[in-house]
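Letter by letter, the chains look like this.
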Amino acid sequence: MFVYKSMRYKILFISSWYPNKLEPTNGNFVQRHAEAVSTLHEVEVLHAIGDRAQQEKFIFDDKIINSLRTLIVYYKQTQNPVLNFVRRMQAYKKGFSKLNKPDLVHANVLQNNMFFAVYLKNKYKIPFVVTEHWSGFLQINKHRLSKLQLFTAKKIADKASFLLPVSQYLSKDLKTAGIQTKIEVIENVVDTDLFNIKKTTPAKFTFLHISNLIGIKNPDKIIAAAVRLSKEFSNFELQIGGDGDVDTLNKLIKSQQAEGFIKTFPMLTSKEVSDKMRNSNCFILFSVYENFPCVLLESLSTGTPAIATNVGGIPEIINEKNGILISNSEAELYQAMKKVLTAQIHFDKPERLHEYVENNFSINKIAQKYSQIYSQVLN
């Protein structure tokens, strides 16, 4: 029987996506995992990304971000995808030479960037694990996944010690796709101190939606449901925004003459997201597909229940105690909003919602789960 011993390891996080100057929020869930792991281990982060605008072949941006040494290497991007891949691998190698040699590499997202983890294993015998977040591997997106993408994923996964998808749903679909690496599910993480419990409820009943506002998030349909609800009730507000195209939403809201009860906002800091959630009565996530959305966990952590589509890993988070699961139907969204607004449905108290997240997805819980995997690989 395996006995877990807590040891402090040197862990290098690399990822196909990571927040950077070109994409400030891309892969922020990877950053949160790295920060959680750093509470128990020595963590450094290395990321490489192409920049079309830069003149220099490589630029090294070496900073301490949230207590983590984070080295982002920007390479001059070209029109040639093969040359870009070569430069990316060069960028990783140059970056790696400036960092401490790790005991283990924690790779993220099975795209061709992660061939660098395979290279480190082959050259330096450094083992690696892969956390998988990408909804591209879900069966619903199978038609969008190219043969090359699947071949790449399998090649990298074959060399990994563990594959660590963030949801049971994704785990099942990775197996269906033919990936045979040992799999353990380790979910997304929430800073339960930052996303702490609301002390008061807002004066006006507030629905909230925060995302990157792309098509699959259906922001236009959320607005349409709120407009429909406003024809019967005037005692609510919808707040909608994030790191996406807010201007288009504003035009839509204006065309519906809905400025009085629908308010938009731009990209927010994590602290501002937490404040918004605490000042809301109900979160809405109306996506076509999802994996294991952090935003739902964060909302519950503040004591705010949610209406969400019954897709991907969402049913692993939302149940009748903390929210309402609906299909991707605007009519169902409207009915769910109406039920919540008129108190036809009752959820657990905010303290219980927070406790559920604390017990399952807190920094301490997720860091311990990763530690157990690291120990299995390294002992």
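From a predicted model like this one, the values you see are computed outputs, not experimental measurements. (Residues numbered from 1 in each chain as written. Predicted model: local features only at pLDDT ≥ 70, side-chain atom pairs only at ≥ 80, totals over all residues. Heavy atoms only, no water.)

**Thoughts on the packing of aromatic side chains**
Here is step 1: Enumeration according to the criterion identifies 13 aromatic pairs in this entry.
Here is step 2: Grouping aromatic residues by their ring pairs yields a cluster made of Tyr92, Phe96, Phe116, Tyr119 and Tyr124.
Here is step 3: Taking NZ or CZ as reference, Lys21 lies 4.3 Å from the ring centre of Tyr74, over its face.
Here is step 4: We note Lys172 situated over the ring of Tyr169; from NZ or CZ to the ring centre the distance is 4.8 Å. (Phe/Tyr/Trp six-rings, centres within 6.5 Å; stacked < 30°, edge-to-face > 60°. Lys NZ or Arg CZ within 6 Å of the ring centre and 35° of its normal.)

**Regarding the side chain of His41**
Here is step 1: Structurally, His41 is set in the loop between helix H1 (28-37) and strand S2 (42-51).
Here is step 2: Judged by relative accessible area, His41 falls into the buried class, the value being 2%.
Here is step 3: A distance of 3.0 Å separates a polar side-chain atom of His41 from the backbone nitrogen of Tyr9.
Here is step 4: At a separation of 2.5 Å, a polar atom in the side chain of His41 contacts the side chain of Ser371.
Here is step 5: Ignoring sequence-local partners within four residues, the contact set of His41 consists of Met7, Arg8, Tyr9, Ile11, Ser371 and Tyr374. (Helix = DSSP H or I, 4+ residues; strand = E, 2+ residues; numbered from the N terminus. Buried < 20%, exposed > 50% of the residue type's maximum accessible area, 1.4 Å probe, protein only. Polar contact = N/O pair within 3.5 Å; in protein donor to acceptor, adjacent residues only side chain to side chain. Contact = heavy atoms within 4.5 Å.)

**Re the environment of Leu99**
Here is step 1: Within the element layout of this structure, Leu99 appears in the loop between helix H2 (81-96) and strand S5 (104-108).
Here is step 2: Each residue touching Leu99, except ones within four places of it in the same chain, is listed here: Leu12, Glu44, Leu46, Arg69 and Leu71.

**Some remarks on unusual backbone geometry**
Here is step 1: One non-glycine residue, Lys125, lies in the positive phi region at around 60 degrees.
Here is step 2: Here Lys125 shows up in the loop between helix H3 (115-124) and strand S6 (128-132).
Here is step 3: Taking relative accessible area as the criterion, Lys125 reaches 65% and is therefore assigned exposed.
Here is step 4: In the Ramachandran plot, Ala343 falls in the positive-phi region, its phi being about 55 degrees despite a non-glycine side chain.
Here is step 5: Of note, Ala343 is situated in the loop between helix H10 (330-341) and helix H11 (350-361).
Here is step 6: Judged by its relative accessible area of 44%, Ala343 is partly exposed.

**Here we look at the layout of surface pockets**
Here is step 1: Here the largest pocket defines a volume of roughly 1,600 Å³.
Here is step 2: Forming the boundary of the largest pocket are 50 residues, of which Thr25, Gly27, Asn28, Phe29 and Arg32 lie nearest the centre.
Here is step 3: Breaking the lining of the largest pocket down by element, the ones donating at least two residues are H1, strand S8 (205-211), helix H8 (270-278) and helix H9 (294-301).
Here is step 4: Looking at the lining of the largest pocket, the element that brings in the most residues is H1, giving six residues.
Here is step 5: Its volume calculated, the second largest pocket comes out at about 570 Å³. (1 Å grid on protein atoms, 1.4 Å probe; cavity = no way out; pocket = protein on both sides within 12 Å on 5 of 7 lines; lining within 4 Å. Points joined across faces, edges and corners; volume = space filled by probe spheres on them.)

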